Amino acid sequence: METEFGYVQAGILLRSGSVSNPAGVTFWPAGTHSRREVALTRRIFAHSLNRSPRDFRLLRQVHGTTVIRRYADRAGDSSNDSPPADAHFTTDRGPILVANVADCCPVICVSREPALVGIAHAGWRGAAHGVVEQLLAACVDAGAPVEDLRMWIGPCAEATRYEVGLDTASHFESWPHALLPHPHTSEKRLLDVRSVVAAQLHRAGVAPDHVTTSPGGTIGDRRYHSHRRSRFAAGRMAAFVTVA
């Protein structure tokens, strides 16, 4: 998208079956993929963006709510190349912020003034505990007016297939619209994580017409990696955002 501060590149790296590994490509060491395959994927992906793999900023995702700030100069970042966190943002040009997903929702935010981009990894735990709201709060603290933020909720587990137990469902009592009856058992529910994230964005002050939601469902669509579908064989897709 074009903005007042330059060209923002954002999206998600799809799984592809047209490679040597039948499980497709992965951006993070997972499933049946070797570290060599991961390193090659990162190099090819960086080249496609006309960038260096050193520009990637990665996270060791722990399904929490920690948000960290990234810098063009790596000396400003944590000394840990993949710090434990589930969201990050930057006001610098250059860093490619990544969230690895395989059913969880990637949520990207962009501000025009000041120049800022951010991304969060929101599975059911992250959504229940407010990781996206924490990212918004960090962006606002950095000077980005919440009413000017543009948001993108990426492909994730679709509500028609995302089964959760009653213990998990109990975390969403404040979002009853996100819970659907299971067609075959009263011991489970179907969960719409995207609708929780969208409602949280609205509650935080983001205008509904500033939120774009992908219709992609990771469990049923084999273009995407899905831990629910493939279990151990599932790789991870890189959702990313950067200011070139």
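Before going into details, it helps to say that this report is about the structure given with it.

1. Remarks on the overall build of the protein
Okay, step 1: Looking only at helices and strands, the protein features six helices and 14 strands.
Okay, step 2: A burial count over the protein gives 49% of its 244 residues as buried.
Okay, step 3: Of the roughly 11300 Å² of accessible surface on the protein, a fraction of 50% belongs to carbon and sulfur atoms.
Okay, step 4: For the protein, the separation between the mean place of its 27 positive charges and that of its 23 negative charges on side chains is 9 Å.

2. Examining unusual backbone geometry
Okay, step 1: Of the consecutive residues glutamate 113 and proline 114, the connecting peptide bond is found in the cis state with omega at 5°.
Okay, step 2: In this structure, proline 114 sits in the loop between β7 (105–111) and β8 (116–122).
Okay, step 3: The phi dihedral of asparagine 50 is positive, around 60°, even though this residue is not glycine.
Okay, step 4: Mapped onto the secondary structure, asparagine 50 falls in the loop between α1 (35–48) and β3 (56–57).

3. Some remarks on helix α3 (residues 131–141)
Since the α-helix advances by 3.6 residues per turn, residues separated by three or four positions end up pointing in the same direction.
Okay, step 1: When we look at burial in α3, the residues that qualify are Val131, Val132, Leu135, Leu136, Ala138 and Cys139. All buried residues of α3 lie within an arc of 160° about the axis, which places them on one face of the element.
Okay, step 2: The first or second residue beyond α3 is glycine 143, which carries a positive phi of 110°.

4. A look at the sheet that holds strand β13 (residues 211–213)
Okay, step 1: Within the open sheet, the six strands sit side by side as β4-β5-β8-β7-β9-β13. Their pairing is mixed. Edge positions in the open sheet fall to β4 (67–70) and β13, since each of these has one partner strand only. Adjacent strand axes in the sheet meet at a mean angle of 15° when their direction is disregarded.
Okay, step 2: In terms of strand pairing, β4 meets strand β5 (residues 87–90) through four bridges, oriented parallel. Along β5, the bridge assignment pairs arginine 69 with phenylalanine 89.

5. Comments concerning the state of the cysteines
Covalently bonding the sulfur atom of one cysteine to the sulfur atom of another cysteine gives a disulfide.
Okay, step 1: Per the stated rule, a full pass over the model turns up one disulfide.
Okay, step 2: Here cysteine 109 stays unpaired: no disulfide links it, and the sulfur of cysteine 139, its closest cysteine neighbor, is 3.7 Å away.
Okay, step 3: What makes cysteine 139 buried here is its relative accessible area of 0%.

Basis of the calculations
- Residues numbered from 1 in each chain as written.
- Predicted model: local features only at pLDDT ≥ 70, side-chain atom pairs only at ≥ 80, totals over all residues.
- Heavy atoms only, no water.
- Helix = DSSP H or I, 4+ residues; strand = E, 2+ residues; numbered from the N terminus.
- Buried < 20%, exposed > 50% of the residue type's maximum accessible area, 1.4 Å probe, protein only.
- Areas by Shrake-Rupley, 256 points an atom, 1.4 Å probe, with all protein chains shown as cover.
- Lys, Arg positive; Asp, Glu negative; His and termini not counted.
- Charge placed at Lys NZ, Arg CZ, Asp CG, Glu CD.
- Arc of directions from axis to C-beta.
- Pairing = 2+ DSSP bridges.
- Axes fitted to C-alpha atoms, helices over the stretch in contact; angles between N-to-C directions.
- Disulfide = S-S within 2.5 Å.

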